Amino acid sequence: MRERLAAERIDGVGTSIFTEITALAARHDAVNLGQGFPDFAAPDFVKEAAARHIREDRNQYAASPGVPRLREALAVDWRRRHPDKPAVDPDLEITVAAGATELLHDAILATVNPGDEVIVFEPAYDAYAPGVSMAGGITRTVALFQPNWSFDAAHLSAAFGPRTRALILNTPHNPTGKVFSRADLEIIADLCHQYDVTVISDEVYSEITFEATHLSIATLPGMFDRTITIDSMGKTFSVTGWKIGWAVASAALTSALRAVHQFVTFTSGTPFQEALADILPIAARDGYYDKLREDYRRRRDLLTRVLKQADLDPLPVEGAYFLLTDIGGRGFDGDADFCRRLVTEFGVAAIPTSAFYTDPRRAPALARFCFAKKEATIEAAAPRLAPLARRRVPGTAHPRSGI
Ligand SMILES: Cc1ncc(COP(=O)(O)O)c(C=O)c1O
């Protein structure tokens, strides 16, 4: 037997702290504000649509690019989102796959050659860097700075070079809640034009925004042809377990993406794809998205109050469903220690932001709390977190001092 069974491409791709905190939370019966998915019921009209298609026996392989009537519904939905932009072609420019996670992987494999560089803003969703390294690419990180998670245009410009092949964008952004502004996107777009770079834009929180408007970089002048826009029904319809995502891209990029997709999963859950085709027009007609935002605003405000009572003032967020709090000044040895002890000593689970950095030493001491939770879940965390307010170590900085 070989001494080394695993391929080198997965060197450094280990079990994440997400898995560790989740296991710890289950063992300690903690209130779980760590994991990024809803603990409340999915909407009835969403569940009923899938149940109907299962019952009516749409249970065999779908076409590899996606069920045609879903791609048509997604093209109509693109129109709803971008009424003043050119329509997209459901046959040539839309691909359905097993969630945004698969599409990110497909998009990277479809565009990045070994040795190519890929720019990623950091903190970053934890799938990006492993996806790039498994494709043989090299991740170049550009820092986002708290509290508003702005980037320095000079840093971004310096990250571009002759080897830059792609840039992975995530807006609204996990874990910071930043919604990239038009000015941000224009800076990125200019550099992508200048260096002939493809953008892989992860927009899975596109419908969850608060005091900001989500903008797709693909709609900026000249950007459609160099952008793969990825979205998913998991967050928008509170069904993360269904794993149905889609990508919108030019025919040339779509053809490359589909070449990978057909040999990664080939296709994904037919009744769920059929269901999404029914769900999209109903959601648009019935004001579903406004209600979704309203519900999340209420949950965000409730979790903000709960965290403030524990002297854990969260940073402002514009989108997605996470709050970040500075955990400095309380005698914890960094954010991972804080999150482990938050579970074992206080009975609440959160995620350390260092999990979103390729080098955890660069991470500020912040914990991520998820508010995609029932109000009862968020309220249950309040008495458990309250003792933290008394833990301030004398002489240490206030968490909002910026240190
Ligand atoms: C930024 C981001 N991208 C992608 C995903 C995964 O999406 P999906 O469940 O559709 O694979 C998540 C899930 O947490 C996410 O936060």
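Remember, it's a predicted structure, so these values are computed and weren't measured experimentally. (Residues numbered from 1 in each chain as written. Predicted model: local features only at pLDDT ≥ 70, side-chain atom pairs only at ≥ 80, totals over all residues.)

**Structural notes on the overall build of the protein**
And step 1. A count of helical and extended segments in the protein gives 13 helices and 13 strands.
And step 2. For the protein, whose C-alpha radius of gyration is 21 Å, the value lies close to the compact-globule estimate of 22 Å for 403 residues.
And step 3. By the burial criterion, 49% of the 403 residues in the protein qualify as buried.
And step 4. Sequence-distant contacts in the protein: of pairs separated by 6 or more residues, those separated by 24 or more amount to 75%. (Helix = DSSP H or I, 4+ residues; strand = E, 2+ residues; numbered from the N terminus. Rg over C-alpha atoms; globule rule 2.2 N^0.38 Å. Buried ≥ 20, exposed ≤ 12 C-beta atoms within 10 Å, placed from the backbone. Contact = placed C-beta atoms within 7 Å.)

**Some remarks on the nonpolar core**
And step 1. Core analysis: the biggest nonpolar cluster contains 118 residues, and Ala107, Leu167, Val348 and Phe369 have the highest contact counts within it.
And step 2. For this core, the domains that each give at least three residues are domain 1 (8-42 + 288-401) and domain 2 (60-285). (Core = buried A, V, L, I, M, F, W, Y, C linked by C-beta atoms within 7 Å. Domains from an automatic or database assignment.)

**Some words on the sheet that holds strand S10 (residues 322-326)**
And step 1. Taking strand neighbours across the sheet as the criterion, the three strands line up as S10-S13-S12 in an open arrangement whose pairing is antiparallel. Only two strands of the sheet have a single neighbouring strand rather than two, namely S10 and strand S12 (351-352).
And step 2. Across two bridges, S12 lies against strand S13 (residues 366-370) in antiparallel orientation. Looking at the pairing, Ile351 lines up with Arg368 of S13. (Pairing = 2+ DSSP bridges.)

**A look at the site of the ligand**
And step 1. Taken together, 14 residues surround the ligand, and among them Gly99, Ala100, Thr101, Tyr125 and Ser232 come closest.
And step 2. The leading source of residues in the shell around the ligand is helix H4 (residues 99-111), at three residues.
And step 3. A class-by-class count of the residues in the shell around the ligand yields three nonpolar, nine polar and two charged. (Near = placed C-beta within 6 Å. Nonpolar A, V, L, I, M, F, W, Y, C, P; charged D, E, K, R; others polar.)

**Here's the deal with the confidence of the model for the protein**
And step 1. The predicted model of the protein averages 95 in pLDDT, with 97% of residues at 70 or higher.
And step 2. At the low end of the mean pLDDT range in the protein sits helix H1 (residues 17-27), at 90; at the high end sits strand S7 (residues 198-202), at 99.
And step 3. Segment residues 397-403 is flagged for pLDDT under 50; beyond a separation of four residues in sequence, or across chains, it makes 11 contacts in the model. (pLDDT = per-residue confidence, 0-100.)

**Looking at the domain arrangement of the protein**
And step 1. What the domain assignment reports for the protein is domain 1 (8-42 + 288-401) and domain 2 (60-285).
And step 2. Taking only C-alpha atoms, the centre of domain 1 and the centre of domain 2 are 26 Å apart.
And step 3. Listed as interface residues are 32 residues of domain 1 and, on the opposing side, 34 residues of domain 2.
And step 4. Elements that contribute at least two residues to the side of domain 1 that touches domain 2 include exactly helix H11 (288-309) and S10.
And step 5. Tallying contributions element by element places H11 first for the side of domain 1 that touches domain 2, with seven residues.

**So, the environment of Ile282**
And step 1. Note that Ile282 resides in helix H10 (residues 270-285).
And step 2. Along the chain, Ile282 and His82 lie 200 residues apart, while their C-alpha atoms are 18 Å from each other.

**As for the sheet that holds strand S5 (residues 150-151)**
And step 1. Ordered in space as S2-S9-S8-S7-S6-S3-S4-S5, the eight strands form an open sheet in which the pairing is mixed. In this open sheet, the two strands that pair with only one neighbour each are strand S2 (94-97) and S5.
And step 2. The sheet contact formed by strand S4 (residues 138-145) and S5 spans two bridges and is antiparallel. Bridged to Leu144 within S5 is Phe151.
And step 3. On top of the sheet, helix H3 (residues 68-81) reaches S2 and strand S9 (245-248); it is set at about 120° to S2, its chief contact. (Axes fitted to C-alpha atoms, helices over the stretch in contact; angles between N-to-C directions.)

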